[in-house]
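Architecture at a glance
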Amino acid sequence: MLFSQDLIRSLATAVDLVNTQLVTVADLVALIERRQVGYPDELTGADLEAVRGSREEFHHVFIAPDQGVERLNKLLGRTRLTLRLSEYDGQRLRLQHHAGEAPVAEQLTADCGLALAYLFVQGEQTRLRTCAAEGCSRVFVDASRNRCRVYCDSRTCGNRAHAAAHRARRRT
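In short, a report on the structure. The shown structure was predicted, so the numbers you read here are calculated from the model rather than taken from an experiment.

**Some words on the overall build of the protein**
When helices and strands are tallied, the protein shows six helices and four strands. Going from the N terminus to the C terminus, the protein shows its helices and strands as α-α-α-α-β-β-α-β-β-α. In the protein, which comprises 172 residues, the proportion classed as buried is 40%. Long-range contacts, defined here as pairs at least 24 residues apart, represent 49% of the contacts in the protein between residues at least 6 apart. Averaged over its 24 positive side-chain charges, the protein has a centre that lies 11 Å from the centre of its 21 negative ones.

Okay, here's the thing in structure tokens:
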């Protein structure tokens, strides 16, 4: 499957949203600044709660993709999503989405929901994974060619799991 740069960015936003602990409004500000999502001058506790609600729904899409279509339809139904084809600097056409002046939760829901929906339309929902490392519950999208990725990060969880397996083999 060919992943466009826009899709990669939106899927990374979905993964970041699900994996980020959103305890305070400052946590939300850090997330949306890191993911470069536009937002009003001041975010409130109501914004935080709305984003947390979407975050939980997206988490369920990753851990139970068989129920993903229903959840994604519910999430996308909450947005005022506008789609348009656009071309920048002579590059190929891109399908862009816009949630207007919508609250930040609606913008995140539209961006992440559409990206995940695209995976489902392409029959690629098996790429939505939860880390296989013991004690890690982070999610990720397996964008590898052979769909063999099992850890959220090979440098941390993967390395830790491989080192533990090596130590276990040496003990026997």
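**Some points on unusual backbone geometry**
Residues apart from glycine generally show negative phi values, whereas peptide bonds are mostly found in trans. Backbone geometry at Q36 places phi at a positive 55°, although glycine is not the residue there. You can see Q36 is positioned in the loop between α2 (25-34) and α3 (45-63). Phi at R147 takes a positive value of approximately 55°, unusual for a residue other than glycine. By the secondary structure assignment, R147 is in the loop between β4 (139-141) and α6 (154-171).

**Re the pattern of salt bridges**
This structure, assessed with the given rule, holds 10 salt bridges. D111 serves as the salt-bridge partner of R9, at 3.3 Å between the closest nitrogen and oxygen. With R9 in helix α1 (residues 5-19) and D111 in helix α5 (residues 104-121), this pair connects stretches of sequence that are 102 residues apart. A salt bridge links K74 to E57; the nearest nitrogen and oxygen atoms lie 3.8 Å apart. In this pair, K74 sits in helix α4 (residues 68-77) while E57 sits in helix α3, placing the two residues 17 residues apart along the sequence. You can call K74 partly exposed: its relative accessible area is 46%. Residue E57 is classed as buried on the basis of its relative accessible area, which comes to 13%. Each of E57, R71 and K74 takes part in salt bridges that share partners, so that together they form one network.

**Thoughts on the packing of α1 against α5**
Where α1 contacts α5, the two axes come as close as 8 Å, and the packing angle between them is 115°. By the angle between their axes, α1 is roughly perpendicular relative to α5. Classified by chirality, the crossing of α5 by α1 is left-handed. Residue-level inspection shows L7, R9, S10, L11, T13, A14 and L17 of α1 in contact with α5, the latter providing L108, D111, C112, A115, L116, Y118 and L119.

**Brief notes about the side chain of D142**
Among the structural elements, D142 can be located in the loop between β4 and α6. What makes D142 buried here is its relative accessible area of 0%. One polar contact links D142 to S144, side chain to side chain, over a distance of 2.5 Å. A polar atom in the side chain of D142 sits 3.2 Å from the backbone nitrogen of R149. In contact with D142, other than residues within four places in its own chain, are R127, R129, R147, C148 and R149.

**Structural notes on the environment of E42**
One can find E42 in the loop between α2 and α3. When its relative accessible area of 63% is taken as the criterion, E42 is described as exposed. Along the backbone, E42 and V139 are 97 residues apart, and their C-alpha atoms lie at a distance of 29 Å.

What counts as what
Residues numbered from 1 in each chain as written. Predicted model: local features only at pLDDT ≥ 70, side-chain atom pairs only at ≥ 80, totals over all residues. Heavy atoms only, no water. Helix = DSSP H or I, 4+ residues; strand = E, 2+ residues; numbered from the N terminus. Buried < 20%, exposed > 50% of the residue type's maximum accessible area, 1.4 Å probe, protein only. Contact = heavy atoms within 4.5 Å. Lys, Arg positive; Asp, Glu negative; His and termini not counted. Charge placed at Lys NZ, Arg CZ, Asp CG, Glu CD. Salt bridge = Lys/Arg side-chain N within 4 Å of Asp/Glu carboxyl O. Axes fitted to C-alpha atoms, helices over the stretch in contact; angles between N-to-C directions. Parallel < 35°, antiparallel > 145°, perpendicular 65-115°, else oblique. Left-handed = near helix turned anticlockwise from the far one by under 90°. Polar contact = N/O pair within 3.5 Å; in protein donor to acceptor, adjacent residues only side chain to side chain.

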